[in-house]
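Structural overview for review
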Amino acid sequence: MRNFVIWVALAIALIVLPNLVSFSQQEVLVFLTINILVVASYRLLTLTGEWSLGHVVIMGVGAYASALVTKELGLWVPLGIIVGGLASALIALALSVPLFRMKGFYFLIGSFAAGEIIRLLWKRFRDPFGGAKGIKGIDPMPDFSIGIYQFDFFEPVSYFYFSAVVVALCLWILWRIEKSPVGLTFHAVHWQDKLAQASGVNLRRYRTMAFVIASGFAGIAGALLAHYIGTINPNSFDVEVMVFVLTWAIVGGTGTFYGPILGCVVLTILNEIVLRELGLEQTRPLIYGLILILSILFMPNGLESIVQKVTRRKDAK
Amino acid sequence: MTPLLEVQNLTMRFGGLTAVDRLNFKVEKGNIHGLIGPNGAGKTTTFNMVSGFYKPSQGRVLLNGQDISGLPMHEVANRGVVRTFQHSTLFGELSVLDNALIGTHMTFRPNLLKAILGLDSSARRDALDRARTSLEFFGLADVEHEMAGDLSHGHQRALGMAVAYASRPDLILLDEPFTGMNPEETRRMMGLMRRLCAEGTTILLVEHDMQAIMGLCDNITCMSFGKFLAEGSPAEIRNHPDVIEAYLGGARHVA
């Protein structure tokens, strides 16, 4: 009952929130929503102990796929978003063949190389990927009405509502996976792969499964982004963006489901409100780097460790 | 009758070193079989080949007459051969209960779609029951919520066996299960192993604790420097001149 009240309150807060902020901040809210899905899906992969540097490029695969099937084949945009997710999952499945011959640091570097290859393919082939200029004029979500609310997708508020529902659904699925025996097996693969294997766990299969699922949801996030901004190019998914994703995940902490999400929200607020107010947004990489170093030094378990400390103290009372 | 496990001409070479050299032995169903030998005799290497951790350079491992040599460890496990590790190899960051739950992986295969839709609740309940039974068997029921890494050494060893037992294997391979246990703990663990055996699990164990080995095993294979040395009942092994020489050193080792 208490949980139900919390969820309803959160839903109401999310409905009211965009109406309280400025137009540019409404746009930030849309990006934040999409980025939350990116970090949350990234965490699923990190459950198995593997860190990828190709996650953002895989997200781009979803964006390109969805943009192309809607623009060239005239597919309905919501279906295109699902196709985007599937495309990313399929690419991840193909990449897993060479990449999961490695683990740890080697996987990290391998995933970076694989991502760069995909990005170079986008740049190299003007047909159909549009070369370095990318794809422009991607179909927006078609407007629709649900009776009490008219979705007008030129308004960021509408797109925020739409993406929030999609992302919430995806997060729910990710949460269910993590809390299931499958999620427990991911943990087992991470902490003691030899013992997991001796218990009959096919390590490769589970690493691949985590990679494919994480990539699928990243693809959905990419597709959501593509249909919002209407133009994508290879540089929208370069390693700089990947560094932001890593920073969100590390600063937030990857020990809990909410850690990376917390990192993403806090750093976005910091960036968009504090830095922008101070006129320092050009120094974002500098400040992110500083925050990353400081949090690794002084808060190795991330922001989530602070939350845990606070809630534990409350429990103790 | 085909033995449960048969090792034929099993050989492992690491570069120029032959760690195990043409080893042959059989483990009969329902037995507790010991594998002993001085340090460096190649016992653990043999274990690693049987469990699929190493691929033998030569020779075969037969399970119920079927060749399982060179299969990856999870495939061997799926055929009913589960191992424990030397030292306390556990999921230290997970709770005791979760450790045991991972042991049930083979019986209650996680299903992604069912897990998302919540259709696997009966399988989850059964897995939980199985895990709890396993913990109870090894006397760990009252610590199920503790982190495995925080347990005492004796408890950790017991948990390692509980994880293996949770999959109800036909053959369980125990790599030095009594290391670091005091006599009281060893005695309790021996009792548990006898009970395991009485329930139909065949046990193959590598151990240095001679008292435990002699008191527990139906049959013992002794190796030295990678080679087969002797086989027989505990009484036979105890009085076997070659075994005595390997452990205590014969005339040619004294100098």
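Just so you know, the residues in each chain are numbered from 1, in the order the chain's sequence is written. Here chains are named by letter from A upward and ligands by number from 1 upward, in the order in which they appear as written. Local features are withheld for residues below a pLDDT of 70 in this predicted model, meaning they are given only at 70 or higher, and side-chain atom pairs are given and counted only at 80 or more; totals for whole chains, interfaces and linings count all residues. Only hydrogens and water are removed before side-chain values are computed, so all heavy atoms of the structure are retained for them.

In the annotation of an unreviewed UniProt entry, the entry for chain B reads ABC transporter domain-containing protein, and the organism field reads marine sediment metagenome.

Which entries qualify depends on this criterion: UniProt positions are given in the numbering used here, feature names are shortened, and annotations may be inferred rather than shown by experiment.
Identification of chain A as Branched-chain amino acid ABC transporter permease from marine sediment metagenome is taken from an unreviewed UniProt entry. Annotation of chain A in UniProt includes, under Subcellular location (unreviewed entry), the sentence "Cell membrane".

1. Examining the overall build of chain A
Note the cut-off: Numbering of helices and strands starts at the N terminus; helices are DSSP runs of H or I of at least 4 residues and strands are runs of E of at least 2. All radius of gyration figures rest on C-alpha atoms, and the globule criterion is 2.2 Å times the number of residues raised to 0.38. Partly exposed describes any residue whose relative accessible area lies between the buried limit of under 20% and the exposed limit of over 50%, with all areas from a 1.4 Å probe on protein chains only and scaled to the type maximum. Only heavy atoms enter the contact rule, under which two residues are in contact if any of them lie within 4.5 Å. Computed with a 1.4 Å probe, the accessible areas rest on the Shrake-Rupley method; for each residue, only the protein chains presented here act as cover. Think of it this way: Lys and Arg go in the positive column, Asp and Glu in the negative one, and His and the chain ends go nowhere. The atom standing in for a charge is NZ when the residue is Lys, CZ when it is Arg, CG when it is Asp and CD when it is Glu.
Along its length, chain A carries 14 helices and 2 strands. Taken against the 2.2 N^0.38 rule, which gives 20 Å for 317 residues, the C-alpha radius of gyration of chain A at 20 Å falls within 12% of a compact globule. Expressed as a percentage of its 317 residues, the buried residues of chain A come to 52%. Restricting the contact set of chain A to residue pairs at least 6 apart, pairs at least 24 apart contribute 75%. Here chain A displays about 15,300 Å² of accessible surface, and carbon together with sulfur accounts for 69% of that area. Once the 24 positive and 18 negative side-chain charges of chain A are each reduced to a mean point, those two points are 11 Å apart.

2. Observations concerning helix α1 (residues 43-50) of chain B
Each full turn of the α-helix corresponds to 3.6 residues, which orients residues three or four apart in the same direction. All names here are of chain B. Within α1, 7 of the 8 residues are buried, leaving the element largely enclosed by the surrounding structure. Of the positions making up α1, those classed as buried are K43, T45, T46, F47, N48, M49 and V50. Following α1 by one or two positions, G52 has its phi on the positive side, about 90°.

3. Let's talk about the domain arrangement of chain B
Residues and elements named next belong to chain B. So the rule is basically this: Domain borders in the structure are assigned automatically or taken from a domain database. The quantity reported as buried area is the accessible area (1.4 Å probe) lost by two parts once they are put together, taken as the sum for both. Any Lys or Arg side-chain nitrogen located within 4 Å of an Asp or Glu carboxyl oxygen qualifies as a salt bridge.
When the domains of chain B are assigned, the result is domain 1 (1-80 + 169-254) and domain 2 (89-168). When each unit is reduced to the centre of its C-alpha atoms, the spacing between domain 1 and domain 2 is 26 Å. Listed by partner, the interface residues are 20 residues for domain 1 and 14 residues for domain 2. Summed over both sides, the interface between domain 1 and domain 2 buries roughly 1,300 Å², with carbon and sulfur atoms accounting for 65% of that surface. It is P169, L192 and L196 in domain 1 that bury the most area against domain 2; as a group they hold 31% of the surface buried on that side. The interface formed by domain 1 and domain 2 holds 0 salt bridges in total.

4. What to know about unusual backbone geometry
Residue P128 of chain A follows D127 of chain A across a cis peptide bond; omega there is 10°. Positive phi outside glycine occurs at R22 of chain B, with the angle close to 45°. Here R22 of chain B is to be found in strand β2 (residues 17-27). Phi is positive for E176 of chain B, close to 50°, though the residue is something other than glycine. With respect to the element layout, E176 of chain B can be found in the loop between β7 (171-175) and α7 (183-198).

5. Some words on the nonpolar core
Worth spelling out the cut-off: Throughout, nonpolar core names a set of buried Ala, Val, Leu, Ile, Met, Phe, Trp, Tyr and Cys residues whose side chains join them through atoms within 4.5 Å.
If you look at the biggest cluster of nonpolar residues, it comprises 152 residues, and the most contacted ones within it are F138, L159 and L205 of chain B. Broken down by element, this core gets its largest block of residues, 17 residues, from helix α10 (residues 203-229) of chain A. Discounting residues that sit within four places of it in the chain, L159 of chain B has contacts with L90, V96, N99, L135, L140, A148 and L151 of chain B. Within the second largest apolar cluster, 24 residues are counted, among which are L5, F25, V81 and M223 of chain B.

6. Let's talk about the interface of chain B and chain A
Convention followed: A 3.5 Å cut-off defines polar contacts: any pair of N or O atoms within that distance qualifies, except that in protein one atom must be a possible hydrogen donor and the other a possible acceptor, and neighbouring residues in sequence count only when both atoms are side-chain atoms. Residues are grouped as follows: Ala, Val, Leu, Ile, Met, Phe, Trp, Tyr, Cys and Pro are nonpolar; Asp, Glu, Lys and Arg are charged; all remaining types, including Gly, are polar.
Every contact between the two is made by 31 residues of chain B and, on the other side, 26 residues of chain A. With both sides pooled, the region where chain B packs onto chain A buries about 2,400 Å², and carbon together with sulfur makes up 73% of that total. Inspection of the region where chain B meets chain A yields 0 salt bridges. Along the contact surface separating chain B from chain A lie 3 residue pairs in polar contact (both at pLDDT 80 or more). Elements supplying a minimum of two residues to the side of chain B that touches chain A: α2 (73-78), β6 (81-83), α3 (96-103) and α4 (112-117) of chain B. Taken together, the residues that form the side of chain B that touches chain A break down as 18 nonpolar, 7 polar and 6 charged.

7. Things to note about the domain arrangement of chain A
For interface size, the figure often reported is the accessible area lost on association. Residue and element names in this part refer to chain A. For chain A, the assigned domains are domain 1 (21-236) and domain 2 (238-317). One C-alpha centre belongs to domain 1, the other to domain 2; they are set 21 Å apart. At the interface, 26 residues of domain 1 touch 20 residues of domain 2. Both sides together, the interface formed by domain 1 and domain 2 hides about 2,000 Å², and carbon and sulfur atoms give 79% of it. When the buried surface of domain 1 facing domain 2 is broken down by residue, V39, R43 and V56 rank first, second and third, together holding 27% of it. At the boundary of domain 1 and domain 2, one finds 0 salt bridges.

8. Section: the pairing of strand β1 (residues 5-14) of chain B
All names here are of chain B. The following threshold applies: One requirement defines pairing of two strands: DSSP has to find at least two bridges between them.
Taken together, the 7 bridges between β1 and β2 define a ladder with antiparallel strand orientation. Looking at the pairing, R13 lines up with T18 of β2. Taking the residues that link successive antiparallel strands as the turn, the β1-β2 hairpin has 2 residues, and the phi of G15 there is positive, at about 60°. Sheet topology note: the β1/strand β4 (residues 58-63) ladder contains 5 bridges and is antiparallel.

9. A few points about the sheet that holds strand β3 (residues 32-36) of chain B
Strands belonging to one sheet form pairs held by backbone hydrogen bonds; the direction of such a pair is parallel or antiparallel. Residue and element names in this part refer to chain B. To keep it simple, the criterion reads: Between N-to-C directions, angles cover 0 to 180 degrees, with each direction set by a line fitted to C-alpha atoms, over the stretch in contact for helices.
Pairing within the open sheet is mixed, and its 6 strands lie in the order β6-β7-β8-β3-β9-β10. Edge positions in the sheet fall to β6 and β10 (227-232), since each has one partner strand and no second. Across the sheet, the axes of successive neighbouring strands diverge by a mean angle of 20°, strand direction being ignored. Strand direction decides the pairing type here: β7 and strand β8 (residues 202-206), joined by 5 bridges, are parallel. The residue bridging I172 from the neighbouring strand is I203, located in β8. The strands touched by α7 within the sheet are β3, β7 and β8, with β8 carrying the most contacts at an inclination of about 145°. This element, helix α10 (residues 241-248), spans β3, β9 (219-224) and β10 of the sheet and lies at about 125° to β10.

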